[in-house]
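# Chain and residue survey
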Amino acid sequence: MSQQLSTSTAREPLLEVRNLKKHYPITQGLLNKEVGRVRAVDGISFDIAPGETVGLVGESGCGKSTAAESILRLEDPTEGSVNFDGEDITTYNDTELKRFRREAQMIFQNPDSSFDPRMTMGESISEPLRIHNVGPRERRHEIARNLLERVGLNADDADRYPHELSGGQKQRVALARALVVNPRLIVADEPVSALDVSVQAEVLSLLQDIQDEFDLSILFISHDMSVVREVCDRVAVMYLGKIVEIGDTESLFENPQHPYTRALLRSIPTVDLDSRGIDAGLHGEVPNPSNPPSGCNFHSRCPEVIQPEGYEFEQENWRGVMNLRVSMNEHGVDVDGLREFVGVEDDESATAAERERMKDELRREHDIPEQLTSSAAESVLDEALDDIVRRNLDDARSLLADEFETVCEQSEPDLMDTGTGHPAACHLHADGVAQTIEPADD
Ligand SMILES: Nc1ncnc2c1ncn2[C@@H]1O[C@H](COP(=O)(O)OP(=O)(O)OP(=O)(O)O)[C@@H](O)[C@H]1O
């Protein structure tokens, strides 16, 4: 299924993002020679219909903010198109951009840094009107007072300064300021993550009321799955610059089809203390987007990575072997550290028993059990561990790659049909069969 079709809304979209990329060059030397690229956003496509809220969700560093900035042309995209009301804004000149920026407003995470401390709230709200030469000063002030009431504050708050307001009140003012130019699209980048939980709910409910009243489209960016579930009609899950799953909120939350989405859902804190925490979800960090893993970008952390043909692992054993391979490929193995750990002076004097202890330590570090359930796999692994402690790292690397390479590291999956009504980019769906997994507790 093409990414374009699978990411569309049912209605005529207001915003159409197609194959959007934003790469930052990494340069070196006096001549600024390009030696690499940070692939912050790497080919995303989705639509937003009028009055619709679409969530962009993922861990920190997945490229959400860069996507938002590229969509509003606060950053110039490297590739791709952004159609707003049928026109590609990536080709706009300065005058056209100025007009577009009245129609598409952004709200940021930290309300403190969005206001000039020397300006009253009324001045801040009416500032965009002044920039766009709308009305005389008194009229602009009146509009600001009016909007303050619309966002649940007092008209007289127009004369107050930012330091006199709480975080939640400031985020309400930020919303009023965004609304003052009658936008059709609001991009809200983590709009409630800096607020107390009790205030978050109020601001989110205000956002929804305002959306209904003004028929706004909203791109809602968040790392918080529970907040996204609350406010979004559809959700796009982003990992390392790409959309890995996109669908209606209920469908995606009830029947998540990408292992990354499932892991994010398991990471939602619950009131049940026994099952709380990130442990059941994601391990490690988002890899550096200047050097993403081969094949499926998520394979280096995926708890459901597909097993190589010809072996029968228990999935956790298999993940352990993958952990070893990933760390060998990403940063090698510290054989000196291992040697010191077991108290061996130098390589020559190591006894067979001490080498075994080094191998045990390698297993422990990578969550590999003492013995794999598959004896064929165990014998390959044992030989590779032996190579590692004898410093034949290249031999170990190629033995493991030859025997255990999986489709997940060989080829990059596109968004594909999952049989659930919404697509995901995962080889588990290569045959079009839905993965029916128990919904996550939330
Ligand atoms: N100007 C820049 N130059 C180089 N790399 C950048 C630049 N801006 C962002 N990046 C990198 O691009 C990647 C995506 O960053 P981005 O801020 O878009 O992610 P995010 O999902 O919004 O995370 P967060 O929630 O922490 O802001 C990160 O690895 C980041 O370091």
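The rules behind these values
Residues numbered from 1 in each chain as written. Predicted model: local features only at pLDDT ≥ 70, side-chain atom pairs only at ≥ 80, totals over all residues. Heavy atoms only, no water. Near = heavy atom within 4 Å. Polar contact = N/O pair within 3.5 Å; in protein donor to acceptor, adjacent residues only side chain to side chain. Areas by Shrake-Rupley, 256 points an atom, 1.4 Å probe, with all protein chains shown as cover. Helix = DSSP H or I, 4+ residues; strand = E, 2+ residues; numbered from the N terminus. Nonpolar A, V, L, I, M, F, W, Y, C, P; charged D, E, K, R; others polar. Domains from an automatic or database assignment. Phe/Tyr/Trp six-rings, centres within 6.5 Å; stacked < 30°, edge-to-face > 60°. Buried < 20%, exposed > 50% of the residue type's maximum accessible area, 1.4 Å probe, protein only. 1 Å grid on protein atoms, 1.4 Å probe; cavity = no way out; pocket = protein on both sides within 12 Å on 5 of 7 lines; lining within 4 Å. Points joined across faces, edges and corners; volume = space filled by probe spheres on them. Contact = heavy atoms within 4.5 Å.

### Considering the site of the ligand
The full set of residues close to the ligand is Tyr24, Val38, Ala40, Glu59, Ser60, Gly61, Cys62, Gly63, Lys64, Ser65, Thr66 and Pro289. At a separation of 2.7 Å, an oxygen atom of the ligand approaches a polar backbone atom of Gly61. A distance of 3.1 Å separates an oxygen atom of the ligand from a polar atom in the backbone of Cys62. Burial of the ligand by the protein chains amounts to 60% of its free accessible area of 640 Å². The element that contributes the greatest number of residues to the shell around the ligand is helix 2 (residues 64-71), accounting for three residues. Of the residues belonging to the shell around the ligand, the class tally is five nonpolar, five polar and two charged.

### Considering the domain arrangement of the protein
As assigned here, the protein comprises domain 1 (3-26 + 35-264) and domain 2 (307-405). For domain 1 versus domain 2, the distance between C-alpha centres works out to 47 Å.

### Brief notes about the packing of aromatic side chains
Throughout the structure, instances matching the rule amount to 10 aromatic pairs. Here the aromatic rings of Tyr92 and Phe100 are separated by 6.3 Å at their centres, their planes lie at 70°, and the arrangement is edge-to-face. Here Tyr92 and Phe100 have matching classes, each one buried. Relative to Phe313, the ring of Tyr311 has its centre 6.2 Å away and its plane inclined at 45°; by these criteria the two rings are tilted. Tyr311 sits in the buried class, given a relative accessible area of 14%.

### Observations concerning the layout of surface pockets
Looking at the second largest pocket, its volume works out to about 560 Å³. Lining the second largest pocket are 25 residues, and of these Gln105, Met106, Phe108, Pro128 and Arg177 lie nearest its centre. Elements with a contribution of two residues or more to the lining of the second largest pocket: helix 3 (94-103), strand 6 (104-107), helix 4 (121-131) and helix 6 (167-179). Looking at the lining of the second largest pocket, its residues break down into 13 nonpolar, six polar and six charged.

### A look at the side chain of His427
Looking at the secondary structure, you find His427 in the segment after helix 16 (407-410). In this structure, His427 is in contact with Ile306, Val407, Cys408, Ser411, Glu412, Pro413 and Met416, ignoring residues within four places of it in sequence.

### A few points about empty space enclosed by the protein
Per the counting criterion, the structure on display carries two cavities of 30 Å³ or more. One number sums up the size of the largest cavity: a volume of about 80 Å³. Taken together, 14 residues line the largest cavity, and the ones lying closest to its centre are Cys296, Cys302, Cys408, Cys426 and His427. Taken together, the residues of the lining of the largest cavity break down into 10 nonpolar, three polar and one charged. Of the pockets and cavities examined, the second largest cavity occupies roughly 50 Å³.

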